[in-house]
Amino acid sequence: MTHLGYLIAGWGIALGTFAVYALSVVRRGRDLARRVPAERSRWLTAPGADAGNRG
Amino acid sequence: MTETMATNGTTTGSRGSRVLGAATLLGLATLLLFAFGLTEADIRLHPTTGEEIGQFDAVRLLYLHVPLAVFTYVAFVLCAFASAGYLIRRTPWFDTMAHAAAEVGTVFCGLVLVTGSIWGRPVWNTWWEWGDVRLMTTLVLFLMFTGYLALRRATVDPRAAARRGAVVALVAVLDLPLVNRSVEWWENRTLHQKSTLGELKIQDLTLFTLMLGFLVFGLVLAWLLLHRFRVGWLEREDAEHGIAADIAERRAAIDEGDVDAAVGEGT
Amino acid sequence: MNRFLADARLVAAKDLRIEARSRVVLNQVAPFALLVLVLFGFALDADQRTLRAFAPGLFWVAVLLCALLAVQRSVSVEQADGALTGLRLSGMSPAALFVGKAAAVFVQLVVLEVLLTAGIIVLYGSEIEQPLLVVATGVLAAVAVACTGTLYGALASGLGVRETLLPILLLPVLAPVLIGATRAFDDALGNAAVDGWAWLGLLAVFAVVATAGGALAHGALVEE
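Residues numbered from 1 in each chain as written. Chains lettered and ligands numbered in written order. Predicted model: local features only at pLDDT ≥ 70, side-chain atom pairs only at ≥ 80, totals over all residues.

> Got a minute to help me understand the overall build of chain B in this structure?
Scanning chain B from N- to C-terminus turns up 8 helices and 2 strands. Listing the helices and strands of chain B from first to last along the sequence gives α-α-β-β-α-α-α-α-α-α. Burial statistics for chain B: of 267 residues in total, 41% are counted as buried. Considering only contacts within chain B whose residues lie at least 6 apart along the sequence, 74% involve residues at least 24 apart. (Helix = DSSP H or I, 4+ residues; strand = E, 2+ residues; numbered from the N terminus. Buried ≥ 20, exposed ≤ 12 C-beta atoms within 10 Å, placed from the backbone. Contact = placed C-beta atoms within 7 Å.)

> Just to check I follow, could you spell out the environment of B:Thr106 for this structure?
Residue and element names in this part refer to chain B. For Thr106, the location among the structural elements is in helix 4 (residues 92–124). On a C-alpha basis, the gap between Thr106 and Glu40 in space is 31 Å, while along the polypeptide they are 66 residues apart. Leave out the neighbours within four places in its chain, and Thr106 touches Phe142, Phe145, Thr146 and Leu149.

> Sorry if this is basic, but what is going on with the nonpolar core here?
Considering soluble globular proteins, one finds that nonpolar side chains tend to be buried as a cluster. In terms of nonpolar packing, the biggest core is built from 155 residues, with B:Ala101, B:Ala169, C:Ala144 and C:Leu203 touching the most fellow members. Ranked by residues supplied to this core, first place goes to helix 4 of chain B with 16 residues. Contact partners of B:Ala101, with chain neighbours within four places excluded, come to B:Ala75, B:Leu78, B:Cys79, B:Ala82 and B:Leu225. (Core = buried A, V, L, I, M, F, W, Y, C linked by C-beta atoms within 7 Å.)

> Explain the confidence of the model for chain C to me, please; I cannot follow it from the model alone.
Low-confidence regions, as indicated by low pLDDT, have predicted coordinates that should not be scrutinised in detail. All names here are of chain C. On average, residues of chain C score 90 in pLDDT, and 98% of them are at 70 or above. The element-level mean pLDDT for chain C is lowest in helix 4 (residues 83–89), coming to 73, with helix 6 (residues 131–156) highest at 95. ipTM for the predicted complex: 0.87, alongside a pTM of 0.86. (pLDDT = per-residue confidence, 0-100.)

The following block contains the structure:
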C-alpha cells in the first residue's frame, strides 16, 4: 500500500489520542464518582429543572 | 431515559453509555475494514502523459479527516449554543455542556489539523500551507478554544468561570466568519486550485465509507460528550459537596462548643 | 445618554491622567515598540528592501504586541486599592466603564501607531503613498484592538495568570484585524496592488462589532 507510513501515522495518532482522552475522562469520572455521595450524582434532569438554589 | 442514564455510583458509565460505546467500537472496526480493505486507492491516469496520478492510498485518510472536521464544528456550535443558553438562563446544565463540548471539540480540532497535515504531505507535497482558507480558519479556531480551556482552568470561582467562558466561546464563534472572510480575500488562493487536475471521484463505495465515517465519529463525539459532561457535573457536585461538608463540620463544632474548630483555626 | 457619555469620559480621563502621571506607555511601551522594529531589522538581516516589503506586517505585529502591554496596564490600574469595586458601586453602567477604558487604550494605541509609523519610515524606508488610508486604517484598527483588548482584559482580570493568559486569549481573535490592516497598509505604502479601502471595510465591521459586542458582554461580566 502506498503512503503506508502516513496512513499509520494519521489513523494511529487519531485513534490513539481518542483512546488516551477517553481513558482519562473515564478515570476522572471514577475518582469523582467515588468522592461524591450517590444521592448527588444523578444528572438526569432537564435543563433548568434543578436551577433552584444552584448556579 | 432516566433508568438507562442513572449511574451505579462508581463510574460515569451507565447501561446507555455502554451500549453507545460498544456501538462506537463496532462502528470503528467496520470503518477500518471499509477504509482499508474494501475501498480502492485513488489512482487516475493523467489525460496527456498517461502516467498514474492521484492521491493513491492517502485518500484513506479522508475517511478520518473529513468526519473529524465536520464534528469539530458540531461540537463548537454546541458549545456556542450552550454558552448562550447559560448567559440567558444561568443554569449549571448549560455551563457543564458548554465546557464539555469545548473540551471534546478542541480534541477533535487538534486532530483535524494533525490528520490534515499528514494527508497534505503526500498529496500537496507540504505539511502546511499559508493562505488556505479552511486550514487557517481551523487553526485560529483551535487557538481560540485552547485559550477558552486555559481561562476556565485558571478561574477558581465556578460562576465566574462559567460567565467568562461563555463570553469567550461566543466571541470566538462570532469572530470565526470574520477570520474566514479575511483569509479568503487575502491572496484568494486555496490549495483546491492545485487539485483540479483530477477531482477525487466519489463513487458509491467511497461515498458509503465516508457516510459511515460520519456515523462512527458522530458516535465517538456523543460518547465522549456524555462522559465529559458527567465528569463536569460531578466536579460541580464535588465542589459543592466539599463546601457543604465544611459548613456541616463547622456547625457541628459550634454545637460542641469548640470555638477554634468552628472558626477554622488550630487544625 | 448624557450620563453614559459623561461616565465614559470620566473613566477615560482618569485612565489617561494616570498615564500622564506615571508615563508607563510613554516610557516603557513606546521604547518597546521601537525595540520590536529593531529586532525585526536584526532578524531579517537588515536589508532595507526586504524590510520595506515586510513593513506593513511588521508594523501591525508590533502594534499588537504593544496593545498587549497597554491592555495589561489598563487592567492593572484597577487592581490597586479596590478601585474596580469602587467604580462598580458608584452605579456607573458597565458599558460606560467599558467605553471609557477602551477609549483610553485607543488613545494610547494611536500614539504608539504614530511612533511606529515614524519608525518604519526611518528604519525601513517606507513611503506613505496614501496618507488618508494610513490614518483611516490606523484609527479603525486601533478601535478594534482597543475594544477587543478591553473586553479580554476584563475576562482575564483577577486571575494570577493574567499576564500569560491574555495574549493567548486575545491574539487569535485579532487575526482578521492583523490581516486586514496589513493588506490596507500594503496598498497605502505602495507595496502591493491591492484594494486597501476594501480591507478597510472589513476593519470597520470588526471595529463596530467589537465596540457594541464588547460593551454588551462587559455588562454580563461585571455584574455580581
